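# Close look at the chain arrangement
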Number of protein chains: 2
Amino acid sequence: MSGWLAIAGLGPGAAELVTPEVTATLARATDLIGYAPYVARVPERAGLIRHGSDNREELDRAALALRLAAEGKRVVVVSSGDPGVFAMAAAVFEAVDGGDPAWRDLDIRVLPGISAMFAAAARIGAPLGHDFCAINLSDNLKPWELIERRLRLAAQADFVIALYNPLSKARPWQLGRAFELLRKELPETVPVVFASAVSDAKEAVETVTLREARAERANMRTLVLIGSSRTKLIERGNGRSFVYTPRSAGVVP
Amino acid sequence: MSGWLAIAGLGPGAAELVTPEVTATLARATDLIGYAPYVARVPERAGLIRHGSDNREELDRAALALRLAAEGKRVVVVSSGDPGVFAMAAAVFEAVDGGDPAWRDLDIRVLPGISAMFAAAARIGAPLGHDFCAINLSDNLKPWELIERRLRLAAQADFVIALYNPLSKARPWQLGRAFELLRKELPETVPVVFASAVSDAKEAVETVTLREARAERANMRTLVLIGSSRTKLIERGNGRSFVYTPRSAGVVP
């Protein structure tokens, strides 16, 4: 009996964005573990035990997955988007690092998925066509001062900035503070894209300028993209615009 | 007759990493356009005209795709990885922006793919589990001074850094220079991952420290990941290590 653990990305929501690798691996699993809404995205079948949990219990969930794999189970931990980006893969390796030494030699694989960032970018054009960064705006696991420092340095580097986890009920003010800070560093005309629930029925994508950007436009399922100084809008006849960042850059800022 | 243009990501190489959305769109296309090795990854079939081209002709390729879509063809432009990341999507929108105004109202969609960065990260663990950035190391379309400035700011922000296009025959010294610069900004013990040809037969992934990192380890198909000060190695019994970046960060650097 040889167990394994796969940490799989389900992509942003639509079934047509789940890779065949993930689908095939789920078909061979005995145990499915994850935040309950993600577990719910995997069809039920006989022989697959489902372990849904709360969003806050990442390390517990990781340890459960490792124990089951060590017992010989075929375990899939599911994340939304890509599991390596502010999701379950890092939590699993933290648990390996701090846990039973035997866990290090388990068969553990990470199966990439379509990340929220790239799904959002695809919907609006090519905003990530030039150098960019991704910042998790949650200060649950790092000090807010560090996030501010990163935002400032990212703007000075003229990166396009993708903000994950922009706000929640427990973190209502951070996104507004980030916009205030960025307005001091960047032209107020740079495009800001609010991409919510991309690829599912509640999808909503809108583009404003940094001057107009307000935290109220975001919710827990929003990915916020902030253009660099070179990011451009292409106006269209239907009133919707494309947003893209050219591949070339001019002089050093 | 209603044409359209899809800019599709084929992922890093393996067929099991191509999304069903891309596969279904390719099945409905009349014209396939791209850099010849990527076009070659799509199976031939009757009714699908293949337009392979050289790697340097991105804007010409984009204009051809737009002209064909305007004529009513169903056109797919293929990129490796994700088309929005240092690939064809930005080139197409540059061509739209500077070209025939009628092109703005074409049906143009971007279909995301598994990016080289996330495929490489998945192979080694979870190096992108905390804030990160992606820098195209090619100075074909931007000044080298700007790249140096970004590397320095990225290190000061303590981002994990993904380097795309680290070197080529025409750009032999840039990666070595980047390592030199980063050794002044970061602890020399941070892990550096060289991930080449991920998911295909020639895959090779190795991890060294920043102190040991040499440009000679990379080739045109290598993605280089440079850890932050917090990125860790987990040693395993088989001699291969996991690399991950914890979700939490301590004090402001």
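Right, let's walk through the structure included here. (Residues numbered from 1 in each chain as written. Chains lettered and ligands numbered in written order. Predicted model: local features only at pLDDT ≥ 70, side-chain atom pairs only at ≥ 80, totals over all residues. Heavy atoms only, no water.)

### Quick notes on the nonpolar core
One finds A:Leu151, A:Ile226, B:Leu151 and B:Ile226 to be the most contacted residues of the largest nonpolar core, which totals 60 residues. The contacts of A:Leu151, once residues within four sequence positions are left out, are A:Ile135, A:Leu137, A:Ile161, A:Leu163, A:Ala178, A:Leu181 and A:Leu182. Among the nonpolar cores identified, the runner-up in size contains 48 residues, and A:Ala121, A:Val198, B:Ile114 and B:Tyr164 belong to it. (Core = buried A, V, L, I, M, F, W, Y, C linked by side-chain atoms within 4.5 Å. Buried < 20%, exposed > 50% of the residue type's maximum accessible area, 1.4 Å probe, protein only. Contact = heavy atoms within 4.5 Å.)

### Observations regarding helix α1 (residues 20–28) of chain A
Residue and element names in this part refer to chain A. Of the positions making up α1, those classed as buried are Glu-21, Val-22, Thr-25 and Leu-26. For α1, the angular spread of the buried residues around the axis is 130°, confining them to a single face. Looking at the buried side of α1, the elements it contacts are β1 (4–9), β2 (31–35), β4 (74–79) and β5 (108–111). (Helix = DSSP H or I, 4+ residues; strand = E, 2+ residues; numbered from the N terminus. Arc of directions from axis to C-beta.)

### Some thoughts on the relation of the copies chain A and chain B
For the match of chain A to chain B, the screw axis carries a shift of 0.0 Å, the RMSD comes to 0.0 Å, and the turn is 180°. Here the copies are linked by what is in effect a two-fold axis. The rotation axis passes nearest to the C-alpha of A:Cys133 in chain A, at a distance of 1.9 Å. Of the residues that chain A buries at the interface, 100% are likewise interface residues in chain B, meaning the two copies contact each other through the same surface. (Least-squares fit on C-alpha atoms with pLDDT ≥ 70 in both.)

### Quick word on the environment of B:Val96
Residue position: B:Val96 is located in helix α4 (residues 88–98). Take B:Val96: its relative accessible area is 0%, and that puts it in the buried class. Each C-alpha atom, one on B:Val96 and one on B:Leu66, is 7.8 Å from the other, the two residues being 30 residues apart in sequence. Those residues in contact with B:Val96, other than ones at most four positions away along the chain, are A:Ile234, B:Leu66, B:Trp103, B:Arg104 and B:Ile108.

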